[in-house]
Amino acid sequence: MTTEARIEWCRPLLARLARFTGRTLRGEWHAIVVEPVRRLMRRGLSGLLLAFVAAFGVIFFHAIAQHPLGAVWVTRLGGVRADLPLWLSLLRTPVSLYVPALDLPVWAGITQLFLAFAWAELALGRGRTLAISYATTVAGTLTARVMIALGPGWWGFGLPHTYAGVLDTGPSAAVVGLFTYLSVVKRAPVVFTLTGGSMVWESIAVPNLAGREHLIAVASAIVLGLLHGRRARLRARLRSLLPVRDRGPAPTEPPVTPASAPPRTVPVQASAERSRAASQERSEDTAMTSLEC
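A short tour of the structure in this document, coming up. (Residues numbered from 1 in each chain as written. Predicted model: local features only at pLDDT ≥ 70, side-chain atom pairs only at ≥ 80, totals over all residues. Heavy atoms only, no water.)

One recurring pattern in soluble globular proteins is that nonpolar side chains are buried together. Grouped together as the largest cluster of nonpolar side chains are 25 residues, with contacts concentrated most on L113, F117, W119, L124, L178, F179 and L182. For this core, the element with the highest residue contribution is helix α5 (residues 106–124), accounting for 10 residues. Those residues in contact with L124, other than ones at most four positions away along the chain, are T129, Y181 and L182. Judged by nonpolar contacts, the second largest core, of 6 residues, contains A144, M147, I148 and A164. (Core = buried A, V, L, I, M, F, W, Y, C linked by side-chain atoms within 4.5 Å. Buried < 20%, exposed > 50% of the residue type's maximum accessible area, 1.4 Å probe, protein only. Helix = DSSP H or I, 4+ residues; strand = E, 2+ residues; numbered from the N terminus. Contact = heavy atoms within 4.5 Å.)

Quick look at the structure:
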């Protein structure tokens, strides 16, 4: 095959690839920038309530943790570790979202935190945003406990027991989960690559507890994103799988007979007038017959 033939063969393929890339980037631009900005113009700053609360919450707990007594109370309120009882870890998990992580800079992560909660609140609403952020965080925390309980080995899945005393705080898992969920729901491959791909690279480069939790948050967000909009199908499938009790034939209702129309009553005054008119006609007829005779 000559060079010109190869160019002619590759030209339609490159044209299709360019059109596909253009459509994907245009759709992602509308999903990421255009739609949230329109909703922000309609709702105003009230549409960013969760983003402001999350950002100021991290700043507040970071400022308190700078003092010795404040650090103790921050740890008691939001410090999550694998060696704690499960109920206590779950009780501290909502506050741990606002407690800064030990090995991450606070001010660099606030921008990502604000953007993640702002985009999620404008696109999903406050209730779903809180549900996705909490679900991905809890999934990472519980899976980390399972990894530590298994111990080293297990084809790289387990973790040493020394990680049980590591403080597990920070909103990074929620941020990664929100970005991943939104990228799956809105079909934004660029955002998905930047968030999920960066977490995979982080877990490979620095194999620590945070990297494992971020991977679990990405995986759980992908599953939740794929289940988005299929609630009715799942309910129908579950109802079809559940056994249905036979309650016998449905009771038949008695036939409904139409009500008979009430008899028409002629007013008394009208009947009297008709009888008078008839008697007058008879008297006139008799008078005419007598005259003719």
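Take helix α7 (residues 172–185) next. An ideal rise of 1.5 Å per residue puts 20 Å on 14 residues; α7 measures up with 20 Å between its terminal C-alpha atoms. The buried count for α7 comes to 11 of 14 residues, which makes it a mostly enclosed element. Those residues of α7 lying buried are A173, A174, V175, V176, G177, L178, F179, T180, Y181, L182 and S183. After α7 finishes, the residue R187 shows a positive phi value of roughly 55°. (Expected span 1.5 Å × (residues − 1).)

Considering all chains together, one arrives at 3 salt bridges under this definition. Between R81 and D83 there is a salt bridge; the shortest N-O distance is 3.1 Å. The class of D83 is partly exposed, set by a relative accessible area of 45%. (Salt bridge = Lys/Arg side-chain N within 4 Å of Asp/Glu carboxyl O.)

Turning our eyes to something else, we now look at the packing of α7 against helix α9 (residues 209–226). Orientation of α7 relative to α9, taken along the N-to-C sense of each, is 30°, at an axis distance of 8 Å. Viewed along their axes, α7 and α9 form a crossing whose handedness is right-handed. The segment α7 lies against α9, with S172, A173, V176, G177, T180, Y181, V184 and V185 engaging H214, A217, V218, A221, I222, L224, G225 and L226. Among the residues making up the contact of α7 with α9, the classes are represented as 11 nonpolar, 5 polar and no charged. (Axes fitted to C-alpha atoms, helices over the stretch in contact; angles between N-to-C directions. Left-handed = near helix turned anticlockwise from the far one by under 90°. Nonpolar A, V, L, I, M, F, W, Y, C, P; charged D, E, K, R; others polar.)

This brings us to a positive patch on the surface. A cluster of like positive charges, contributed by R16, R19, R23 and R26, occupies part of the molecular surface. Inspection of the secondary structure assignment puts R23 in helix α1 (residues 3–43). (Patch = residues over 30% accessible without salt bridge, like charges linked within 9 Å, V, L, I, M, F, W, Y side chains within 5 Å. Areas by Shrake-Rupley, 256 points an atom, 1.4 Å probe, with all protein chains shown as cover. Lys, Arg positive; Asp, Glu negative; His and termini not counted. Charge placed at Lys NZ, Arg CZ, Asp CG, Glu CD.)

Taken together, the side chains of L86, L90, Y134 and L142 define a hydrophobic patch exposed on the protein surface, amounting to about 300 Å² of accessible area. Listing elements by their share of the nonpolar patch, those giving two or more residues are α4 (86–96) and α6 (126–150). With respect to the helices, strands and loops of the structure, L86 is situated in helix α4. Of the residues examined, L86 reaches a relative accessible area of 41% and is grouped as partly exposed.

Residue placement: Y181 occurs in helix α7. Put simply, Y181 and I132 are 49 residues apart on the chain and 8.0 Å apart in space, counted from C-alpha to C-alpha. Not counting residues within four places of it along the chain, the set of residues in contact with Y181 comprises L124, R128, I132, A221, L224, G225 and H228.

Bringing the packing of α4 against α6 into the picture now. Two numbers describe how α4 lies on α6: the axes approach to 11 Å, and their chain directions differ by 150°. Between α4 and α6, the angle is such that the two are roughly antiparallel. Between α4 and α6 the crossing geometry is right-handed. Of the residues in α6, those in contact with L86, S89, L90, T93 and P94 of α4 are Y134, T137, V138, L142 and R145. Looking at the contact of α4 with α6 residue by residue, the classes come out as 6 nonpolar, 3 polar and 1 charged. (Parallel < 35°, antiparallel > 145°, perpendicular 65-115°, else oblique.)

By the definition in use, this model includes 4 aromatic pairs. Ring geometry for F60 and F61: centres 5.6 Å apart, planes at 80°, overall edge-to-face. Here F60 falls in the partly exposed class, since its relative accessible area comes to 48%. Given a relative accessible area of 14%, F61 falls into the buried group. With centroids separated by 6.2 Å and ring planes inclined at 45°, the aromatic side chains of W119 and F179 adopt a geometry described as tilted. Note that W119 is positioned in helix α5 and F179 in helix α7, a separation of 60 residues in sequence. By relative accessible area, which is 7% here, W119 ends up buried. Taken together, the ring pairs connect F52, F56 and F114 into an aromatic cluster. Lying across the ring of W73, R76 places its NZ or CZ 5.2 Å from the centre. (Phe/Tyr/Trp six-rings, centres within 6.5 Å; stacked < 30°, edge-to-face > 60°. Lys NZ or Arg CZ within 6 Å of the ring centre and 35° of its normal.)

This part takes up the side chain of S96. Looking at the element boundaries, S96 is found in helix α4. Assessed through its relative accessible area of 4%, S96 is described here as buried.

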